[in-house]
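# Analysis of the macromolecular model
Read off the chains here:
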Amino acid sequence: MKHEITLTINGQSVTAEVDSRLLLVHFIREQLDLTGTHIGCDTSNCGACTILLNGMSVKSCTYLAVRADGADITTIEGLAAEGTNHPLQKGFHDQHGLHCGFCTPGMIMRSVDLLKNNPDPTEEEIRWGISGNLCRCTGYNNIVKSIQQAAKEMQKEKETTV
């Protein structure tokens, strides 16, 4: 069965016809050609497919596209203003928080939600906060450092705009 959905993705309104069983990750990658959202496991174990749905991190590999009707979605492609990097993207670059890069978009999107809810997390809170996203290349130390750097940067930005 087909359904028409309308949603906002990375600030752009999109209307499309989707099958009832189409997963959001496939809609994003195949119909919208936003391939920064990765497919890792199709079971929500790895988190490579993490996006922001109405501001909350969601694993899009187990979320039906029809459920996203009316939602505001942000993918890694829409995270930063054109020509700039989000503090998390900068942190992952500066602190070498990525190796192969496969988990990085999902890890960053999960971290956006984490820092929104806890702008000054401890190392333990960061490790717990990203525990649903797997990286097969690292021991997570540089990922944690990346998030810590971003948290400090975001706090500085907030202080200068207030």
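The preceding data block contains the structure.
To start, this report covers the structure provided alongside it. If you're wondering where the values come from, they're calculated on a predicted model, not measured in any experiment.

## What about the sheet that holds strand 2 (residues 12–19)?
- The strand order across the open sheet formed by five strands is 2-1-5-3-4, and the pairing between neighbours is mixed. Whereas interior strands pair on both sides, the edge strands pair on one side only; in this sheet they are strand 2 and strand 4 (56–59). Each adjacent strand pair in this sheet contributes to an overall mean axis angle of 40°, direction not counted.
- Two elements, strand 1 (residues 2–9) and strand 5 (residues 72–74), share two bridges in a ladder whose sense is parallel. Looking across to strand 5, one finds that Ile9 is bridged to Ile73.
- Of the strands in this sheet, strand 1, strand 2, strand 3 (50–53) and strand 5 touch helix 1 (residues 24–31), which is tilted by about 115° from strand 2.
- Each of strand 3, strand 4 and strand 5 touches helix 3 (residues 104–117); the most contacted strand, strand 3, lies at about 40° to it.

## Some details on the environment of Asp113
- Position of Asp113 relative to the elements: it lies in helix 3.
- Residue Asp113 is classed as buried on the basis of its relative accessible area of 7%.
- Sequence-wise, Asp113 and Met56 are 57 residues apart; in three dimensions their C-alpha atoms are separated by 5.9 Å.
- Apart from the residues within four sequence positions on either side, Asp113 is in contact with Leu52, Gly55, Met56 and Ser57.
- Of the polar contacts made by the side chain of Asp113, one reaches the backbone nitrogen of Ser57; its length is 2.9 Å.

Rules and cut-offs
- Residues numbered from 1 in each chain as written.
- Predicted model: local features only at pLDDT ≥ 70, side-chain atom pairs only at ≥ 80, totals over all residues.
- Heavy atoms only, no water.
- Pairing = 2+ DSSP bridges.
- Helix = DSSP H or I, 4+ residues; strand = E, 2+ residues; numbered from the N terminus.
- Axes fitted to C-alpha atoms, helices over the stretch in contact; angles between N-to-C directions.
- Contact = heavy atoms within 4.5 Å.
- Buried < 20%, exposed > 50% of the residue type's maximum accessible area, 1.4 Å probe, protein only.
- Polar contact = N/O pair within 3.5 Å; in protein donor to acceptor, adjacent residues only side chain to side chain.

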